[in-house]
Amino acid sequence: MKLEKYYAPEKARLIVEGREYELPILIGEEGEKAIDISKLRSNTGYITLDYGYINTGSCASAITYLDGDRGILNYRGYPIDDLAEKCTFVEVAYLLVHGSLPTVKQLKHFSGLLNKYALIHEDMVHFFDRFPQGSPPMSILSSMVNALSVFYPEMINDPLLQIDMMTARLISKVRTIAAFSYKKAMGHPLVYPRHDYSYCANFLNMMFHTSVAPYEVNPVVVDVLNKLLILHGDHEQNCSTSTVRLVGSAHVNLYASISAGISALWGPLHGGANQAVIEMLERIQHEGGNYRKYIEKAKDPNDPFRLVGFGHRVYKNHDPRSRIIKKACDDVLGALRITDPLLDLAKEIEEVALTDPYFIERRLYPNVDFYSGIIYKAIGIPKDMFTVMFALGRLPGWIAHWKEMWDDANWRIGRPRQIYVGPVTRPFVPMEERGE
Ligand code: SDX
């Protein structure tokens, strides 16, 4: 990644202890501005402190651009609305990792690899039998993905040479692992991937086909699953992607880096929110539908309750993904002739919250997780697999960032600094002098 062209002629000036320092300024392709502090400590002895990295950029990236104020989200320059409307998930996965939309030939080759690598080693299938009944699917997924590095060690040697194979292997096998974990949880026989099904149709068939109730692939469901996976494809330096980069920066193999990203995504403040939204809506419905009580709870600084599916670190406007998913809810439930009172409840909550000064002042809008669970529920995905679906979608984004980091000559092992607030140096206290 050559950054020279992004350095601006003007400099930032910092005055510390009466001395003035100049700090370089970078301006990104979309006009974002950054102060380069890479020499701050060596020049001034100072570090910066920024809990949650709210103001801190960790890298330069060419994968995703999002503008939280204007509600813009582009993958490799293509607006998310176009991709969600006109592409399949496999096309977008290729775009995220390789940087361009695939040609017919490239897509055929990539799809062939996804088919070739769809199976997992049969010894791994027995791992499912050793997880206790009711094990959280995200725990199983993270463990199984880490285990892939044991079964496919060859890719650790020179990952960038094998990026096509690694990408296809992970994207295909993680789909199989997700479906197998569901079948195991249901106590049903495993359904293996088919060579004649598309990526999403294969997943749905592996999830829901049984010998007594053959699964009929519904193009409406395949289309909305493609859309959902695309919308979750990448989101620049979010918590789980930054985790993949940080773990990968120690030259850890791709599988272990992705396994760490899955663990980060599991959090209810991050990817776990889609499951938490449905649980919140079900709780409100169970209590008689008084959602206004919960909106007041969310506003109460002394109440830990938050309106899950609302708010975002970057979006201070509508999350463009949420709008697309909300419309897809109506389309899919209509096509499937499903009425879900939780969708009506979610819409009412959104309408009231968006007119409430608390949410307006804090610029809190529905995020990607607010409506996605409604669709997953409608197509039969169990609640405890909603975050697994998020991981399936985010996989190409994680891979793209891991690859970009490995490719980036500026990259070094991630090792933040700190301000120490513990005891200063003190004399040792022998056991006999430590009292009761
Ligand atoms: C994802 O980073 C990404 O890009 C993530 C993601 C991706 O694609 O990877 O977009 C996916 O993780 C979406 C977010 C899913 N999480 C949730 O829906 C959980 C509920 N949301 C919140 O916990 C919160 O909004 C976060 C975690 C999403 C963002 O937290 P921030 O940026 O640290 O914001 P904050 O906690 O500083 O909140 C600012 C103010 C606070 O009030 P004050 O102290 O100023 O009075 O807004 C309030 C917060 O209390 N607030 C909320 C709220 N979210 C923020 N109040 C009520 N309900 C909420 N949901």
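Since we're looking at a predicted model, the values are computed, not measured.

1. Brief notes about the overall build of the protein
Counting its secondary structure elements, the protein contains 19 helices and six strands. Against the compact-globule benchmark of 22 Å for 436 residues, the protein has a radius of gyration of 24 Å, which places it among compact chains. Seen through its principal axes, the protein has C-alpha atoms that stretch 80 × 65 × 55 Å. Counting the 436 residues in the protein, one finds 48% classified as buried.

2. Some points on the nonpolar core
Ile258, Leu281 and Ile381 are the most contacted members of the largest nonpolar core, which totals 120 residues. With near-sequence residues (within four places) excluded, Leu281 lies in contact with Leu342, Leu345, Ala346, Ile349 and Ile374. One finds Ala8, Ala12, Leu23 and Leu40 within the second-largest nonpolar core, a separate group that totals five residues.

3. Some words on the packing of aromatic side chains
The description of an aromatic ring pair uses the distance of the two centres, along with the angle that the planes make with each other. Taken as a whole and judged by the stated rule, the model has 14 aromatic pairs. Ring geometry for Trp402 and Trp406: centres 5.1 Å apart, planes at 40°, overall tilted. Highlighted residues: Trp402 and Trp406, both in helix H19 (residues 386-407), separated by four residues, approximately one helical turn. Owing to a relative accessible area of 1%, Trp402 belongs among the buried residues under this scheme. One aromatic cluster is present, formed by Phe310, Tyr358, Phe359, Phe370 and Tyr371 through successive ring pairs. The ring of Tyr197 carries the charged tip of Arg194 above its face, separated from the ring centre by 4.0 Å.

4. Regarding the site of the ligand
Close to the ligand lie 23 residues; His235, His312, Arg313, Arg321 and Arg394 are nearest. Residue His312 places a side-chain N or O atom 2.6 Å away from an oxygen atom belonging to the ligand. One nitrogen or oxygen atom from the side chain of Asn367 is found 3.0 Å from an oxygen atom belonging to the ligand. Starting from 1000 Å² of accessible surface for the ligand in isolation, the protein chains cover 75%. Among the residues forming the shell around the ligand, the class breakdown is 10 nonpolar, seven polar and six charged.

5. Some thoughts on the packing of helix H7 (residues 137-151) against helix H8 (residues 163-186)
Between H7 and H8, whose axes approach to 10 Å, the crossing angle comes to 140°. Taken together, the axis directions place H7 and H8 in an arrangement best described as oblique. Crossing of H7 against H8: the hand is right-handed. Within the contact between the two elements, H7 uses Ile140, Leu141, Met144, Val145 and Leu148 and H8 uses Leu170, Lys173, Val174, Ile177 and Ser181.

6. A closer look at the sheet that holds strand S1 (residues 7-16)
Read from one edge to the other, the open sheet built from three strands follows the order S1-S2-S3, with strand pairing classed as antiparallel. What marks the edges here is a single partner per strand, and that holds for S1 and strand S3 (33-35). Here the strands of the sheet are splayed against their neighbours by 35° on average, with no regard to which way each runs. Looking at chain direction, S1 and strand S2 (residues 19-27) are connected through seven bridges and run antiparallel. Residue pairing for S2: Lys11 is matched across the bridge by Pro24.

7. Quick look at the domain arrangement of the protein
Splitting the protein by domain gives domain 1 (4-57) and domain 2 (80-412). Summarising the inter-unit geometry, the C-alpha centres of domain 1 and domain 2 are found 35 Å apart.

8. Points about the environment of Asp50
Looking at the secondary structure, you find Asp50 in the loop between helix H1 (40-44) and strand S4 (64-67). With 368 residues separating them in the primary sequence, Asp50 and Gln418 have C-alpha atoms 9.8 Å apart. With residues near it in sequence (within four places) discarded, Asp50 still touches Asn55 and Thr56. Reaching out from Asp50, the side chain makes a polar contact with the backbone nitrogen of Ile54 at a distance of 3.2 Å.

9. Quick look at the sheet that holds strand S6 (residues 78-79)
Spatially, three strands are ordered S4-S5-S6 in an open sheet, and the strand pairing comes out antiparallel. Single-partner strands in this sheet number two, and they are S4 and S6. Two elements, S4 and strand S5 (residues 72-75), share four bridges in a ladder whose sense is antiparallel. For Leu66, the partnering residue across the bridge sits in S5 and is Leu73.

10. Observations concerning the packing of helix H15 (residues 320-335) against helix H18 (residues 369-378)
To describe two helices that pack against each other, one gives the angle between their axes and the distance between the axes. Two numbers describe how H15 lies on H18: the axes approach to 8 Å, and their chain directions differ by 30°. With respect to H18, the axis of H15 lies roughly parallel. Between H15 and H18 lies a crossing whose hand is left-handed. Contacts between H15 and H18 involve Ser322, Ile325, Lys326, Ala328, Cys329 and Leu333 from the first element and Tyr371, Ser372, Ile374, Ile375 and Ala378 from the second. Of the residues contributing to the contact of H15 with H18, the split by class is eight nonpolar, two polar and one charged.

11. Details of the side chain of Asn205
Assignment of secondary structure puts Asn205 in helix H9 (residues 199-208). Asn205 gets classed as buried once you look at its relative accessible area, which sits at 3%. With residues up to four places along the chain from it excluded, the contact list for Asn205 reads Val191, Arg194, Tyr197 and Tyr215.

12. Description of H15
Look at H15: 23 Å from first C-alpha to last across 16 residues, which is about the 22 Å you get at 1.5 Å a residue. Inspection of H15 places Pro320, Arg321, Ser322, Ile324, Ile325, Ala328, Cys329, Val332 and Leu333 among the buried residues, and these make up the whole buried set. Each element contacted by the buried residues of H15 is listed here: S5, helix H2 (80-86), helix H10 (219-231), helix H16 (341-353), H18 and H19. Just beyond H15, the residue with positive phi is Arg337, at close to 55°.

What counts as what
- Residues numbered from 1 in each chain as written.
- Predicted model: local features only at pLDDT ≥ 70, side-chain atom pairs only at ≥ 80, totals over all residues.
- Heavy atoms only, no water.
- Helix = DSSP H or I, 4+ residues; strand = E, 2+ residues; numbered from the N terminus.
- Rg over C-alpha atoms; globule rule 2.2 N^0.38 Å.
- Buried < 20%, exposed > 50% of the residue type's maximum accessible area, 1.4 Å probe, protein only.
- Core = buried A, V, L, I, M, F, W, Y, C linked by side-chain atoms within 4.5 Å.
- Contact = heavy atoms within 4.5 Å.
- Phe/Tyr/Trp six-rings, centres within 6.5 Å; stacked < 30°, edge-to-face > 60°.
- Lys NZ or Arg CZ within 6 Å of the ring centre and 35° of its normal.
- Near = heavy atom within 4 Å.
- Polar contact = N/O pair within 3.5 Å; in protein donor to acceptor, adjacent residues only side chain to side chain.
- Areas by Shrake-Rupley, 256 points an atom, 1.4 Å probe, with all protein chains shown as cover.
- Nonpolar A, V, L, I, M, F, W, Y, C, P; charged D, E, K, R; others polar.
- Axes fitted to C-alpha atoms, helices over the stretch in contact; angles between N-to-C directions.
- Parallel < 35°, antiparallel > 145°, perpendicular 65-115°, else oblique.
- Left-handed = near helix turned anticlockwise from the far one by under 90°.
- Pairing = 2+ DSSP bridges.
- Domains from an automatic or database assignment.
- Expected span 1.5 Å × (residues − 1).

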